[in-house]
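Report on the structure
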Amino acid sequence: VQLQASGGGLVQLGGSLRLSCAASGSIFRINSRGWYRQAPGKQRELVALISSGGSTNYADSVKGRFTISTDNVKNTVYLQMNSLKPEDTAVYYCYTRAYRAPREYDYWGQGTLVTVSS
């Protein structure tokens, strides 16, 4: 599975961006998809996850501002980011957990930089 992320860029405080991550290749049964981020000098952290059943999980810091969604026809996961803050500045990585017997595999995209200026 290859993941191609896009949509990052520079935005002002309070602005919005939408990240996209398209999956290609041998797509097995996808169990979950999501987004992580890593700010300079910090560890990678979970931003949002969505299961194959549609259940979502968000980091407390983004609840109410970010929305994760998928388009299963396009094999794409999106992250709509509103009311952006400077502390949202990070490289955002898309993530997919897929099942291929006998176990699950984790896949990562290349990262897309989001910079929020004040």
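Before going into details, it helps to say that this report is about the structure given with it.

Rules used throughout
Residues numbered from 1 in each chain as written. Predicted model: local features only at pLDDT ≥ 70, side-chain atom pairs only at ≥ 80, totals over all residues. Heavy atoms only, no water. Helix = DSSP H or I, 4+ residues; strand = E, 2+ residues; numbered from the N terminus. Buried < 20%, exposed > 50% of the residue type's maximum accessible area, 1.4 Å probe, protein only. 1 Å grid on protein atoms, 1.4 Å probe; cavity = no way out; pocket = protein on both sides within 12 Å on 5 of 7 lines; lining within 4 Å. Points joined across faces, edges and corners; volume = space filled by probe spheres on them. Nonpolar A, V, L, I, M, F, W, Y, C, P; charged D, E, K, R; others polar. Core = buried A, V, L, I, M, F, W, Y, C linked by side-chain atoms within 4.5 Å. Contact = heavy atoms within 4.5 Å. Salt bridge = Lys/Arg side-chain N within 4 Å of Asp/Glu carboxyl O.

**Overview of unusual backbone geometry**
- A cis geometry characterises the amide bond from Ala101 onward to Pro102, with omega recorded as 15°.
- Of note in this structure, Asn75 is not a glycine but carries a positive phi near 50°.
- When you line up the elements, Asn75 lands in the loop between β7 (66-71) and β8 (76-81).
- Since its relative accessible area comes to 26%, Asn75 is described here as partly exposed.
- Phi angles above zero are rare outside glycine, and Ser83 is one such case at about 50°.
- Looking at the secondary structure, you find Ser83 in the loop between β8 and β9 (90-100).

**Some words on the layout of surface pockets**
- If you add up the space inside the largest pocket, you get close to 170 Å³.
- Looking at the largest pocket, the residues that line it are Ile30, Ser32, Arg33, Ile50, Ser51, Ser52, Gly54, Thr70, Asn72 and Asn75.
- Elements represented by at least two residues in the lining of the largest pocket include exactly β4 (29-38) and β5 (45-51).
- The biggest single contributor to the lining of the largest pocket is β4, with three residues.
- Each residue belonging to the lining of the largest pocket can be placed in one class, and the counts come to two nonpolar, seven polar and one charged.

**What about the nonpolar core?**
- Counting residues in hydrophobic clusters, the biggest one holds 29 residues, and the most contacted among them are Trp35, Val47, Phe66, Ile68, Leu79, Met81 and Tyr92.
- In this view, Ile68 contacts Arg33, Gly34, Trp35, Ala48, Leu49, Ile50, Thr56, Tyr58, Val77, Tyr78 and Leu79; residues no more than four positions away in its chain are not counted.

**Quick word on the pattern of salt bridges**
- In this structure the tally under the stated criterion is six salt bridges.
- Here Asp88 and Arg37 are joined by a salt bridge, their closest N and O atoms 3.0 Å apart. Here Arg37 lies in strand β4 and Asp88 lies in the loop between β8 and β9, a separation of 51 residues in the sequence.
- A residue is classified by how much of its surface remains accessible, and Asp88, at 0% relative accessible area, is buried.
- The exposure class of Arg37 is buried, given its relative accessible area of 6%.
- Note that Glu104 is salt-bridged to Arg97, the shortest N-O span being 3.7 Å.
- Take Glu104: its relative accessible area is 34%, and that puts it in the partly exposed class.

Honestly, that's just the spatial picture; any functional story needs more than this.
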